[in-house]
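Listed here are the chains, written in short residue letters.
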Amino acid sequence: MPSTETTRSEPLQEPLKALLGGNTAKVMSEHLGLRTVGDLLHHYPRRYAERGELTRLSELPLDEHVTVVARIHDARVHKFNRGKGQRLEVTLTDGSGRLQLVFFGRSVHYHQRTLLPGKRGMFAGKVGVFNRRLQLSHPDYKLLDEDSDEETVQQFAGALLPLYPACKQLSSWNIEQSVATVLGALEATGWRGLSDPLPGALREQRGLIALPEAFEKVHRPCSKADIAEARARLKWDEAFVLQVALARRRAKETELPAVPRQPVPGGLLDAFDARLPFTLTDGQREVSREIFADLATEHPMHRLLQGEVGSGKTLVALRAMLATVDAGGQAAMLAPTEVLAQQHHRSITEMMGELAEGGMLGGAEQGTKVVLLTGSMGAAARRRALLDLATGEAGIVVGTHALIEDKVTFHDLGLVVVDEQHRFGVEQRDALRSKGKQPPHLLVMTATPIPRTVAMTVFGDLETSVLDQLPAGRSPIATHVVPVRDKPHFLTRTWERVREEAEAGHQTYVVCPRIGDDEETASAKGAAAKRAADEEQFPGGDADGDEGADSEEKRPPLAVLDIADQLASGPLAGLRVAALHGRMQPEAKDEVMRRFAAGEVDVLVATTVIEVGVNVPNATGMVIMDADRFGVSQLHQLRGRVGRGSAPGLCLLVTDMPQESPARARLQAVAATLDGFELSRIDLEQRREGDVLGQAQSGVRSSLRMLAVIEDEEVIAEAREEATALVAADPELAGHPELRTALAALLDEEREEYLDKG
């Protein structure tokens with residue numbers, strides 16, 4: 001990457017205060033995160049308004065944007081609020097009717113000097129009513145000479161007005177003026193020194209316009225065709241620069257040394273396969289082949305394994321770990337919660353049987369030891385686990401972030417498996433990988449289905465394997481929305497169904513969004529106080545007007561502890577009801593899960609702590625309270641906890657949201673399909689792009705402002721292909737200095753560090 005000094009002369013790196021003045025630059029920096037000329041030029045309009053068709057004053061439509069050509073009849077300033085406030089009222093006439101313009105605040109005197117009776121002009125705005133008179137409030141206008149022609153009028157009426165993401169301190173109009181200032185300054189220098197990240201041959205081949213023209217057309221378009229041309233170019237910039245960074249990351253990985261880990265014939269893996277009571281699916285066999293081929297190479301595997309809930313990812317990962325142990329290495333599985341780590345440890349040892357008791361009395365000859373390491377383990381058990389890892393006695397360890405601590409050492413770490421990787425920071429994953437003598441192989445698992453384009457952007461440095469085939473014997477899951485606002489009696493029927501499942505010998509999960517304990521209540525009060533302070537500072541919410549679709553005032557979310565008590569003493573009296581949440585002591589959590597798995601609990605009331613990895617085949621029912629408070633993908637994950645045995649599953653989504661709300665539409669989408677990839681697509685289409693590529697995924701602010709990972713699938717795929725070819729031919733980008741500069745500018749240090757760590 002070029003140094004800061006190299007890029008400082010680049011015009012897009014120029015500080016905004018050099019062109020806009022200190023106050024405006026400060027507001028842009030503090031409230032919009034815009035610090036350089038490039039930041040501002042990449043702050044694109046969110047949409048474009050049109051002034052509206054030319055309209056006669058006698059035919060003005062209420063609440064619509066119009067443009068009128070009329071003459072000023074009179075203009076008067078009125079005082080109000082005991083003389084503290086003033087407004088300018090201007091009356092227009094065109095021979096067919098009258099219309100009032102109104103202006104408030106500091107601009108009154110300017111407009112009063114400009115809008116003189118007798119002058120003719122064009123006036124544009126949204127038609128409103130005040131005191132039973134039609135008016136335009138703070139309209140756009142342009143005064144006309146007496147000889148102005150029809151073309152001038154039509155151009156004004158048809159102009160596209162950019163509307164920017166704004167804030168309370170800085171309106172869209174202020175941002176538009178600042179952009180005009182910056183564009184004017186760059187045009188005056190002929191855009192001298194501007195780095196164009198796209199190689200000229202690539203730009204010509206794709207028929208894309210030059211970068212200065214793209215900035216001009218996206219911020220000051222003359223037509224919708226201008227906007228389309230600009231967007232096409234700027235999307236390619238973002239896709240290409242990001243894909244080049246990811247391609248370089250993949251290329252660097254192939255240069256790192258790693259110990260090949262090949263399965264040994266007649267070893268632990270073969271012994272494990274021989275004891276499996278079922279046949280692997282074709283998908284599991286194919287993905288295993290891909291993984292084993294990667295493990296056999298002399299550079300680290302970097303593979304993302306994504307699959308539907310219940311598709312058998314854990315089994316595939318376990319076979320990879322066993323192959324690593326066969327080859328003399330150790331394997332570590334990193335899980336996001338203690339409940340999930342304990343569940344993985346339990347299911348792995350159950351699947352392996354005596355093969356998990358290597359070196360122990362009764363253990364198999366080819367076996368190895370499988371240990372658990374979590375932060376809450378007792379001192380003696382922890383010491384024993386650490387010793388087994390350091391000596392190599394334990395071939396497999398399952399643990400939480402406790403695996404990352406300095407005192408944990410491995411004899412020969414060969415494979416790291418990260419479960420639900422989006423729950424881990426990059427630093428945590430990197431810290432575990434650094435414990436190998438050479439970089440270990442990496443297998444990342446997620447049960448959240450990821451559309452292809454997101455995999456190419458968020459996980460672009462990983463090769464991807466997909467498990468989309470469910471093992472034989474998995475039962476269908478029926479999903480229904482329970483709309484308690486419209487049909488309160490449906491909730492009564494819900495608890496009757498839970499009782500019926502219990503009478504049939506099955507079990508049910510009831511999921512709530514909140515715990516309901518004292519610690520959480522105090523935390524909620526703190527959050528409410530902060531919200532109140534924020535509201536006082538920024539009354540009225542988002543200056544851009546983009547409030548959440550479901551932003552109506554809600555009651556507190558339902559809580560596990562409250563619902564468990566109500567069910568046990570009410571509609572489910574007589575059934576064995578237990579509660580589970582993340583703030584219970586680990587031993588207590590494990591005991592509740594053990595009792596539920598053993599069939600000693602009929603109804604488990606829990607938070608989303610049971611979202612991933614929990615496997616109780618006898619659990620057939622799932623009731624999700626306040627289901628509208630969960631995301632689409634999360635609902636799909638929760639639903640995947642049932643229907644894991646031979647009996648069909650039932651998932652009931654309880655909500656009090658009105659039928660026409662976006663939240664209800666979201667729940668209906670979940671009820672309509674079991675296809676996780678389709679739901680993931682719906683989820684992403686309903687969320688903002690920053691949620692997709694922002695902190696939840698990469699730990700840093702998204703650098704994508706124009707590219708939409710769902711609708712721009714073709715651009716992303718083509719950019720990946722071009723980037724891979726370019727990096728293969730010129731890994732250091734020696735022949736593309738402008739692309740190097742763009743990488744430094746568009747990928748800030750934090751994001752670059754993320755990409756480097758992978």
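The following refers to the structure shown.

Reading guide: rules and limits
- Residues numbered from 1 in each chain as written.
- Predicted model: local features only at pLDDT ≥ 70, side-chain atom pairs only at ≥ 80, totals over all residues.
- Heavy atoms only, no water.
- Helix = DSSP H or I, 4+ residues; strand = E, 2+ residues; numbered from the N terminus.
- Buried < 20%, exposed > 50% of the residue type's maximum accessible area, 1.4 Å probe, protein only.
- Contact = heavy atoms within 4.5 Å.
- Areas by Shrake-Rupley, 256 points an atom, 1.4 Å probe, with all protein chains shown as cover.
- Core = buried A, V, L, I, M, F, W, Y, C linked by side-chain atoms within 4.5 Å.
- Salt bridge = Lys/Arg side-chain N within 4 Å of Asp/Glu carboxyl O.
- Pairing = 2+ DSSP bridges.
- Axes fitted to C-alpha atoms, helices over the stretch in contact; angles between N-to-C directions.
- Left-handed = near helix turned anticlockwise from the far one by under 90°.
- Nonpolar A, V, L, I, M, F, W, Y, C, P; charged D, E, K, R; others polar.
- Parallel < 35°, antiparallel > 145°, perpendicular 65-115°, else oblique.
- Phe/Tyr/Trp six-rings, centres within 6.5 Å; stacked < 30°, edge-to-face > 60°.

Turning to the overall build of the protein chain, a few remarks are in order. Counting its regular elements, the protein chain contains 29 helices and 21 strands. Residues classed as buried in the protein chain amount to 50% of the 758 residues present. Sequence separation of 24 or more characterises 74% of the internal contacts of the protein chain that already satisfy a separation of 6 or more. Counting every atom, the protein chain has about 34300 Å² of accessible surface; 49% of that belongs to carbon and sulfur.

This next bit is on the nonpolar core. Ranked by size, the top nonpolar core spans 39 residues in total, and within it Met321, Met352, Ile396 and Leu415 carry the most contacts. Take this core: its biggest share by element is 9 residues, from helix H13 (residues 313-326). If near-sequence neighbours (up to four positions away) are discounted, Leu415 is found in contact with Leu295, Met301, Ala320, Met321, Thr324, Gln330, Ala331, Ala332, Pro440, His441, Leu442 and Leu443. Core analysis: the second largest hydrophobic core is formed by 33 residues, Val511, Val616, Met622 and Val632 among them.

Let us look at the pattern of salt bridges. Per the counting criterion, the structure on display carries 32 salt bridges. Of the charged contacts, one joins Arg203 and Asp196 as a salt bridge, the two residues approaching to 3.9 Å between their closest N and O atoms. Here Lys217 makes a salt bridge to Glu213, at a shortest N to O gap of 2.8 Å. Of this pair, Lys217 and Glu213 both sit in helix H9 (residues 211-219), separated by 4 residues, roughly a single helical turn. By relative accessible area, which is 15% here, Lys217 ends up buried. Residues participating in the shared-partner salt-bridge network are Arg493, Glu496, Arg497, Glu500 and Glu501.

Attention now goes to unusual backbone geometry. The backbone phi angle of His138 is positive, close to 45°, even though this residue is not glycine. Note that His138 resides in the loop between strand S6 (133-137) and strand S7 (140-143). According to the relative accessible area criterion, His138 is partly exposed, its value standing at 39%. Of note in the backbone geometry, Leu733 takes a positive phi value of approximately 55° without being a glycine.

Our next topic: the sheet that holds strand S12 (residues 394-399). Here 7 strands make up an open sheet; going across it, the order is S11-S12-S10-S13-S14-S9-S15 and the pairing parallel. Strands with a single pairing partner mark the edges of an open sheet, and in this sheet they are strand S11 (369-373) and strand S15 (463-467). Strand after strand, the sheet turns through a mean of 20° between neighbouring axes, direction not considered. As defined by bridge partners, strand S10 (residues 330-334) adjoins strand S13 (residues 413-419) across 5 bridges and the pair is classed as parallel. Paired with Ala331 across the strands is Leu415, a residue of S13. Across the sheet, helix H14 (residues 338-352) touches S10, S11, S12 and S13, and the angle it forms with S11 is around 170°.

With that settled, consider the packing of helix H12 (residues 282-295) against H13. Helix-helix packing is described using two parameters, namely the angle between the two axes and the distance between the axes. Viewed as axis vectors pointing N to C, H12 and H13 meet at an angle of 35°, and their least axial separation amounts to 10 Å. Judged by the sense of rotation from one axis to the other, the crossing of H12 with H13 is right-handed. Contacts between H12 and H13 pair Gln284, Val287, Ser288, Ile291, Phe292 and Leu295 from the former with Leu315, Val316, Arg319, Ala320, Ala323 and Thr324 from the latter. A class-by-class count of the residues in the contact of H12 with H13 yields 8 nonpolar, 3 polar and 1 charged.

As a further point, take the sheet that holds strand S16 (residues 477-483). One open sheet holds the 6 strands; their spatial order is S16-S21-S20-S17-S19-S18, and the pairing between them is parallel. Only two strands of the sheet have a single partner each, and these edge strands are S16 and strand S18 (577-580). Geometrically, the sheet is characterised by an average inter-axis angle of 20° between neighbouring strands, direction not taken into account. The pairing of strand S17 (residues 507-511) with strand S19 (residues 603-606) spans 4 bridges and is classified as parallel. Bridge pairing in S19 links Tyr509 to Leu604.

Moving on, we come to the environment of Ala719. You can see Ala719 is positioned in helix H27 (residues 713-729). Judged by relative accessible area, which is 0%, Ala719 ranks as buried. Excluding its chain neighbours within four sequence positions, the residues that come into contact with Ala719 are Trp236, Ala239, Phe240 and Gln243.

Looking at where Ala317 falls in the secondary structure, it is placed in helix H13. Given the relative accessible area of 0%, Ala317 is considered buried. The spatial distance from the C-alpha of Ala317 to the C-alpha of Val287 is 9.9 Å, given a sequence separation of 30 residues. For Ala317, the contacting residues outside a window of four places in its chain are Met333, Val417, Leu443 and Met445.

Contact geometry for H14 and helix H21 (residues 586-597): axes closest at 10 Å, N-to-C directions at 50°. Taken together, H14 and H21 sit at an angle that is classed as oblique. Seen along the crossing, H14 lies across H21 with a hand that is right-handed. Contacts between H14 and H21 involve Glu338, Val339, Gln342, Gln343 and Arg346 from the former and Pro586, Lys589, Asp590 and Met593 from the latter. In the contact of H14 with H21, the residues fall into 3 nonpolar, 2 polar and 4 charged.

Glancing now at the packing of aromatic side chains. In total, this model carries 6 aromatic pairs according to the counting rule given. Here the aromatic rings of Phe80 and Phe104 are separated by 6.2 Å at their centres, their planes lie at 85°, and the arrangement is edge-to-face. Of this pair, Phe80 sits in strand S2 (residues 65-80) while Phe104 sits in strand S4 (residues 98-104), placing them 24 residues apart in sequence. Of the residues examined, Phe80 reaches a relative accessible area of 32% and is grouped as partly exposed. Between Phe103 and Tyr141, the aromatic rings sit 6.2 Å apart at their centres with planes inclined by 80°, giving edge-to-face as the arrangement. Of this pair, Phe103 sits in strand S4 while Tyr141 sits in strand S7, and the two are 38 residues apart along the sequence. The exposure class of Tyr141 is buried, given its relative accessible area of 19%.

All right, on to the pairing of strand S5 (residues 120-130) then. As judged from the 7 bridges shared by S2 and S5, these two strands associate in the antiparallel manner. Directly across from Val69, in S5, lies its bridge partner Met122. Sheet topology places S5 next to S7; 4 bridges connect them, and they run antiparallel. Its bridge partner lying in S7, Phe123 is registered against Tyr141. Note: S5 against S6, 4 bridges, orientation antiparallel. Counterpart to Gly128 in the pairing with S6 is Gln135.

Within the fold, Leu387 resides in helix H15 (residues 379-391). Classification of Leu387 by relative accessible area gives exposed; the value is 54%. Taking the C-alpha atoms as reference, Leu387 lies 9.2 Å from Phe410; in sequence the two are 23 residues apart.

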